[in-house]
Amino acid sequence: MTSTDALLFNPTSYDPKQFDAETRRLLKATIEWFESRGKRQLLADDADAVWVSDFLEFVKKERLFATFLTPAAYADGDANRRWDGARNAALSEIFGFYGLAYWYAEQVTILGLGPIWQSDNEDAKKRAAADLLDGQVMAFGLSERDHGADIYNTDLILTPTEPGSADAEAGILFRANGVKYYIGNGNVASMVSVFSRRADIEGADGYVWFAADSRQDNYELIDNVIHGQLYVSTFALHDYPVTAADILSTGPEAFSAALNTVNVGKFNLCHGSIGMVEHSFYEAITHSNNRILYGQAVTEFPHVRTNFVDAYARIVAMKLFSDRAVDYFRSASLEDRRYLLFNPMTKSKVTSEGETVMTLLLDVLAAKGFEKNTYFAQVARYIGTLPRLEGTVHVNVGQILKFMPNYLFNPKDYPEIGTRLDAADDEFFFRQGPARGAGKVQFADWTPVYEKHADLPNVARFYEQAQALRTLLTTAAPDADQQKDLDFMLTIGHLFSLVVYGQLILEQAAITGLDRDVIEQIFDFQIRDFNGHATTLYGKPSATPDQQAWAASALRPPVADRPRFDRVWAEVAAYDSTYEMRR
């Protein structure tokens with residue numbers, strides 16, 4: 001890949017030659033379905049909150065979800081049906097490019113399948129595989145109005161049936177009662193994975209995942225909690241009969257199934273966000289580069305070019321990190337659990353960067369960015385959902401902090417992870433094991449990739465900041481009270497996230513042969529972002545004098561290079577009019 005290659009997804013020239021023939025066909029067929037439907041229709045459906053039934057008809061006809069979301073063990077020997085993280089990422093990017101509602105229908109299907117594919121219930125797995133072939137979608141019944149997605153608490157109660165009762169004679173083990181809230185696809189899902197607890201058992205041993213059917217009479221669909229194409233349901237179960245055929249997992253295994261499902265599901269947020277901002281970028285550069293204001297093109301203004309170059313660099317960085325994270329997740333094992341850090345990074349860092357990109361572009365587009373005939377306006381409305389739903393940035397950064405000591409100070413040798421675009425079934429996703437021990441996960445030494453690129457001035461300067469973070473933690477580490485202060489620790493977490501972000505960006509840049517100018521522009525904003533979080537730390541009321549002194553000493557200006565900036569700007573401007581959706 002060189003500076004002359006287009007780095008952003010463009011449907012008109014997209015050629016996923018890295019994948020097998022059927023995957024290529026389905027990805028292109030998906031693009032064609034959206035393009036044929038046309039921009040006006042997609043935007044009208046969004047404005048009118050039209051449920052995505054036509055899209056799901058396409059999914060059924062092409063067996064799209066069945067092909068992409070069925071593990072090979074339940075594919076009846078069909079080599080095209082497998083759970084392949086690389087092609088799933090590509091599909092998420094396409095869905096995000098055309099509309100969050102379509103991405104969401106798949107996303108919550110992925111989450112709903114998580115407890116099913118992890119279970120020992122073979123009949124439930126076979127039922128799920130058959131339902132996917134039939135074009136059905138799934139739902140993930142975890143969240144509740146009072147508890148959110150707090151796995152430790154649920155008010156969905158399973159009451160055991162009385163021995164000798166008619167229920168017991170009919171094979172009904174429990175009657176389920178309770179309400180679930182914020183459940184995508186809860187209006188139509190053939191299998192809703194429901195998290196519950198037994199009325200007769202206290203603590204973790206009482207947890208149960210079971211599969212419900214939204215079409216069953218004891219399942220009451222209450223409403224959609226938002227106004228939109230996305231159906232984010234509230235539903236209630238009224239004495240819902242639960243049989244052995246419905247039970248997916250129990251006790252501590254059910255708890256782990258919830259967390260491990262989220263490990264799989266949250267990974268798709270990054271590529272969905274990437275697709276959203278890519279489409280918005282095309283609209284923004286084409287409009288701005290052809291709009292005359294005060295006698296000159298809008299893009300002649302220096303601040304406009306700065307925003308575009310920054311937005312472009314951030315999008316490329318989002319793609320680099322996320323694509324490299326795919327490799328680590330697909331190569332994971334019980335002995336290599338580094339994905340437990342990189343997956344929450346895709347959720348918290350990459351999606352937050354998507355929000356930053358949209359702000360930069362909106363500051364250029366201004367009023368145009370709110371017009372109803374733009375895809376941009378839809379993305380601007382929805383981009384903030386990805387960092388905040390399915391576990392907030394704060395929750396994920398809190399999780400990321402668990403890995404910081406081992407990542408920075410206690411490296412371990414691992415075999416090198418290569419690019420994982422092979423047509424393999426990622427069966428480990430559904431046998432991740434107990435959800436514990438995050439603090440014991442070790443990582444390969446992060447410093448060599450920085451040192452390898454130290455001839456790039458901004459990479460070298462950011463590397464100084466990354467090393468300074470280690471100095472902070474060895475000379476002025478947060479004390480016991482500060483470690484209990486999540487507000488304080490989140491700032492440390494954001495500083496740490498930047499180091500991890502830079503590592504995978506550089507790894508993927510080396511793999512793809514990314515142009516040096518773009519790498520330098522990426523680390524220009526990495527330095528500025530580090531400065532921002534260091535300044536925040538300086539201003540924390542609880543920061544000690546030593547920590548404040550560290551914060552001031554860690555500040556660095558990016559290395560300015562006007563010719564480099566102009567070359568990247570030329571790359572940005574080359575996207576003008578290269579993509580416009582049909583009709």
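Everything here concerns the structure above.
Described below are features of the structure shown in this document. Just so it is clear, the model here is predicted, and its values are computed rather than measured. Within any chain, residue numbers begin from 1 and follow the written order of that chain's sequence. Reporting of local features is limited, given that this is a predicted model, to residues whose pLDDT is at least 70; pairs of side-chain atoms are given and counted only at 80 or more, and all residues count toward the totals for whole chains, interfaces and linings. Calculation of side-chain values draws on the structure's entire complement of heavy atoms; hydrogens and water are dropped beforehand.

### As for helix H10 (residues 268-289)
In DSSP terms, a helix is any run of H or I states spanning at least four residues, a strand is any run of E spanning at least two, and both are numbered starting from the N terminus. Residue count minus one, scaled by 1.5 Å, sets the expected span of a helix. An ideal rise of 1.5 Å per residue puts 32 Å on 22 residues; H10 measures up with 32 Å between its terminal C-alpha atoms. A simple rule labels every residue: compare its accessible area, found with a 1.4 Å probe on the protein chains alone, to the largest value its type can have, and call it buried under 20%, exposed over 50%, or partly exposed in between. With 20 of 22 residues buried, H10 is to be regarded as a mostly interior element.

### Quick look at the environment of Val 559
Turning to its location among the elements, Val 559 is positioned in the loop between helix H22 (545-554) and helix H23 (562-573). Judged by relative accessible area, Val 559 falls into the partly exposed class, the value being 21%. Considered as a pair, Val 559 and Pro 115 are 444 residues apart in the sequence and their alpha carbons are 49 Å apart. Working rule for contacts: check all heavy atoms of both residues, and any pair within 4.5 Å makes them a contact. Setting aside chain neighbours within four positions, we find Val 559 in contact with Pro 457, Asn 458, Arg 461 and Arg 564.

### Looking at the pairing of strand E7 (residues 232-243)
The element E7 is extensively covered by neighbouring structure, given that nine of its twelve residues are classed as buried. Two strands are said to pair when DSSP picks up at least two bridges between them. As paired elements, strand E3 (residues 172-184) and E7 share ten bridges and run antiparallel to each other. Residue Ile 172 lies in a different strand from E7, and its bridge partner there is Thr 243.

### Some details on the side chain of Arg 87
Among the secondary structure elements, Arg 87 is positioned in helix H5 (residues 85-98). Comment: no salt bridge for buried Arg 87; closest opposite-charge side chain is Asp 84, at 4.3 Å. Counting of polar contacts relies on pairs of N or O atoms within 3.5 Å, with two restrictions inside protein: one atom must be capable of donating a hydrogen and the other of accepting it, and residues adjacent in sequence are counted only when both atoms are side-chain atoms. At a separation of 2.8 Å, a polar atom in the side chain of Arg 87 contacts the side chain of Thr 23. If we ignore the near neighbours within four places in the chain, the residues touching Arg 87 are Phe 19, Asp 20, Thr 23, Thr 67, Phe 68, Asn 80, Arg 81 and Arg 82. The charge count treats Lys and Arg as positive and Asp and Glu as negative. His and the chain ends do not count. Put simply, a salt bridge is a Lys or Arg side-chain nitrogen that is within 4 Å of an Asp or Glu carboxyl oxygen.

### Considerations on the pairing of strand E5 (residues 207-212)
E5 sits mainly inside the fold: six of its six residues count as buried. In E5, alternate side chains face the same way, and those of Tyr 207, Trp 209 and Ala 211 on one face and Val 208, Phe 210 and Ala 212 on the other are all buried. Pairing analysis gives six bridges linking strand E4 (residues 191-198) to E5, with the strands arranged antiparallel. Its bridge partner lying in E5, Ser 196 is registered against Val 208. As judged from the three bridges shared by E5 and strand E8 (residues 247-250), these two strands associate in the antiparallel manner. Pairing of Val 208 across the sheet is with Thr 250, part of E8.

### Here we look at the pattern of salt bridges
Under the counting rule described, the total for this entry stands at 43 salt bridges. Salt-bridge contacts for Arg 330 lead to Asp 84; the nearest nitrogen and oxygen are separated by 3.2 Å. Of this pair, Arg 330 sits in helix H11 (residues 302-330) while Asp 84 sits in the loop between helix H4 (64-69) and H5, and the two are 246 residues apart along the sequence. Of the charged contacts in the structure, one is a salt bridge between Glu 122 and Lys 125, with a shortest N-O distance of 3.6 Å. In this pair, Glu 122 and Lys 125 both sit in helix H7 (residues 122-133), three residues apart, roughly one turn of the helix. One network of salt bridges, in which partners are shared, links Asp 310, Arg 314, Lys 349, Glu 353, Glu 520, Asp 524, Arg 528, Asp 529 and Arg 564.

### Digging into unusual backbone geometry
For Asp 76, which is not glycine, the phi torsion reads 55° and is therefore positive. The phi dihedral of Ala 366 falls on the positive side, at around 55°, and the residue is not glycine. With respect to the element layout, Ala 366 can be found in the loop between helix H12 (339-365) and helix H13 (375-382). We classify Ala 366 as partly exposed; its relative accessible area is 38%.

### What to know about the nonpolar core
Ranked by internal contacts, the top residues of the largest apolar core, which has 173 residues, are Phe 55 and Ile 522. Ranked by residues supplied to this core, first place goes to H11 with 16 residues. If sequence neighbours within four positions are ignored, Ile 522 has contacts with Ala 313, Val 316, Ala 317, Leu 320, Ile 505 and Leu 514. The criterion is simple. A nonpolar core is a set of buried Ala, Val, Leu, Ile, Met, Phe, Trp, Tyr and Cys residues joined through side-chain atoms within 4.5 Å. Counting residues in hydrophobic clusters, the runner-up holds 18 residues, among them Leu 156, Val 208, Ala 212 and Tyr 240.

### Observations concerning the environment of Glu 300
Relative to the helices and strands, Glu 300 is located in the loop between strand E10 (296-297) and H11. Relative accessible area serves as the criterion here: at 42%, Glu 300 is assigned to the partly exposed category. Taking the C-alpha atoms as reference, Glu 300 lies 70 Å from Leu 173; in sequence the two are 127 residues apart.

### Examining the packing of H5 against helix H6 (residues 100-118)
Two packed helices can be described by the angle between their axes and the distance between those axes. To obtain each axis, a line is fitted to C-alpha atoms, and for helices this fit is confined to the stretch in contact; angles are then taken between N-to-C directions over 0 to 180 degrees. Viewed as axis vectors pointing N to C, H5 and H6 meet at an angle of 145°, and their least axial separation amounts to 6 Å. Note on element contacts: H6 touches H5 through Tyr 102, Trp 103 and Glu 106, opposite Leu 91, Ser 92, Phe 95, Gly 96 and Tyr 98. In terms of residue class, the contact of H5 with H6 is built from five nonpolar, two polar and one charged. Polarity classes work like this: nonpolar for Ala, Val, Leu, Ile, Met, Phe, Trp, Tyr, Cys and Pro, charged for Asp, Glu, Lys and Arg, and polar for all others, with Gly in that last group.

### So, H23
For H23, with twelve residues, the first-to-last C-alpha span of 16 Å sits near the 16 Å given by 1.5 Å per residue. Inspection of H23 places Arg 564, Phe 565, Val 568, Trp 569, Glu 571 and Val 572 among the buried residues, and these make up the whole buried set. The buried residues of H23 occupy an angular sector of 155° when the element is viewed end-on, so they sit on one face. Capping the start of H23 is the job of one residue whose side-chain oxygen sits 3.1 Å from the backbone nitrogen of Arg 564: Asp 561. As used here, the arc is the angular range of directions from the helix axis to the C-beta atoms.

### Regarding the packing of aromatic side chains
Under the pairing criterion, centres of Phe, Tyr and Trp rings, with the six-membered ring standing for Trp, must be within 6.5 Å; the plane angle then separates stacked pairs below 30 degrees from edge-to-face pairs above 60, leaving the rest tilted. Taken as a whole and judged by the stated rule, the model has 54 aromatic pairs. Both rings, one in Phe 97 and one in Tyr 579, keep their centres 5.3 Å apart while their planes meet at 65°; by these two values the pair is edge-to-face. With Phe 97 in helix H5 and Tyr 579 in the segment after H23, this residue pair connects regions lying 482 residues apart in the sequence. Tyr 579 sits in the buried class, given a relative accessible area of 4%. Measuring from centroid to centroid gives 6.1 Å for Trp 446 and Tyr 463, while their planes differ by 80°, and the two rings are edge-to-face. Of this pair, Trp 446 sits in the loop between helix H16 (404-409) and helix H17 (447-452) while Tyr 463 sits in helix H18 (residues 457-475), and the two are 17 residues apart along the sequence.

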